[in-house]
Amino acid sequence: MSVDSLNWKILRCLQQNARQSNAEIGRQVGITSPAVSERIKKMEDLGIIQNHITLISPFEVGYQLKALITLQAFMGKLKPFLEKVKTFDEVINCYRITGEENIVMEVILKNQKHLETFIDQLIVYGESKTQIILSHVIKNNSIKSV
């Protein structure tokens, strides 16, 4: 199954509001609710649609800081870190990257003391750099057709 123009229209609808009914999506794209359902199911089966998630505002639930932390792992510490990072509740996204640093993490923290404590846990794995996120310029932008 290819991602044709109709599938892209459905994907745009879902990216804007994943809670829309199939009937509403069908009205927007010009097909029936069962046809929408069938196309969505096929895209899920193929891994095109990977998850239906709820995004929570960290600030509204008590986190005061959001930061990007890069890590340049010490020799022999990358693999242990890749396992350890999965246990950190503060990490909401983590990427293994190319370049001088090995890792970029997006973290949420209660306050500056929490940040300090979190950074202290990273010291054994490598050298870290922290940038505090002030605001979003683009947030969860929709993926467009290629």
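Residues numbered from 1 in each chain as written. Predicted model: local features only at pLDDT ≥ 70, side-chain atom pairs only at ≥ 80, totals over all residues. Heavy atoms only, no water.

Caption draft 1: Representation of helix 3 (residues 33-45) within the structure. Across its 13 residues, helix 3 extends 18 Å between first and last C-alpha, which sits within 8% of the 18 Å expected from 1.5 Å per residue. Taken residue by residue, helix 3 has Val36, Ile40 and Met43 as its buried positions. The buried residues of helix 3 all sit within an arc of 65 degrees when viewed along its axis, so they share a single face. Facing away from the buried side of helix 3, by more than 90 degrees, are the exposed residues Pro34 and Asp45. Residues of helix 3 that are buried sit in contact with helix 1 (5-16) and helix 2 (22-29). Gly47 sits one or two residues past helix 3 and shows a positive phi near 85 degrees. (Helix = DSSP H or I, 4+ residues; strand = E, 2+ residues; numbered from the N terminus. Expected span 1.5 Å × (residues − 1). Buried < 20%, exposed > 50% of the residue type's maximum accessible area, 1.4 Å probe, protein only. Arc of directions from axis to C-beta. Contact = heavy atoms within 4.5 Å.)

Caption draft 2: Up close: the pattern of salt bridges. Applying the stated rule across the entire model yields 8 salt bridges. The partner of Glu116 in a salt bridge is Lys113, with the nearest N and O atoms 3.6 Å apart. Within this pair, Glu116 and its partner Lys113 are both found in helix 5 (residues 112-122), separated by 3 residues, close to a single helical turn. (Salt bridge = Lys/Arg side-chain N within 4 Å of Asp/Glu carboxyl O.)

Caption draft 3: Representation of the packing of aromatic side chains. Per the stated rule, a full pass over the model turns up 2 aromatic pairs. Centre to centre, the rings of Phe81 and Tyr125 are 5.5 Å apart; their planes meet at 65 degrees, and the pair counts as edge-to-face. Placement of the pair is Phe81 in helix 4 (residues 78-84) and Tyr125 in the loop between helix 5 and strand 4 (126-132), with a sequence separation of 44 residues. Each of the two residues, Phe81 as well as Tyr125, counts as buried. With a centroid separation of 5.1 Å and 75 degrees between ring planes, the pair formed by Phe88 and Phe118 is classed as edge-to-face. Of this pair, Phe88 sits in the loop between helix 4 and strand 2 (91-96) while Phe118 sits in helix 5, placing them 30 residues apart in sequence. Pair check on accessibility: Phe88 and Phe118 agree, each one buried. (Phe/Tyr/Trp six-rings, centres within 6.5 Å; stacked < 30°, edge-to-face > 60°.)

Caption draft 4: Just the nonpolar core, in detail. Core analysis: the largest hydrophobic core is formed by 18 residues, its most contacted members being Phe81, Met105, Val107, Phe118 and Leu122. Put simply, the parts of the chain that give this core at least two residues each are strand 1 (65-73), helix 4, strand 3 (103-109) and helix 5. Beyond its immediate stretch of four places on either side in the chain, Leu122 contacts Ile69, Leu71, Phe81, Phe88, Met105 and Ser128. Formed by 12 residues, the second largest nonpolar core is a distinct cluster that contains Trp8, Ile25, Val36 and Met43. (Core = buried A, V, L, I, M, F, W, Y, C linked by side-chain atoms within 4.5 Å.)

These figures capture arrangement, not role.
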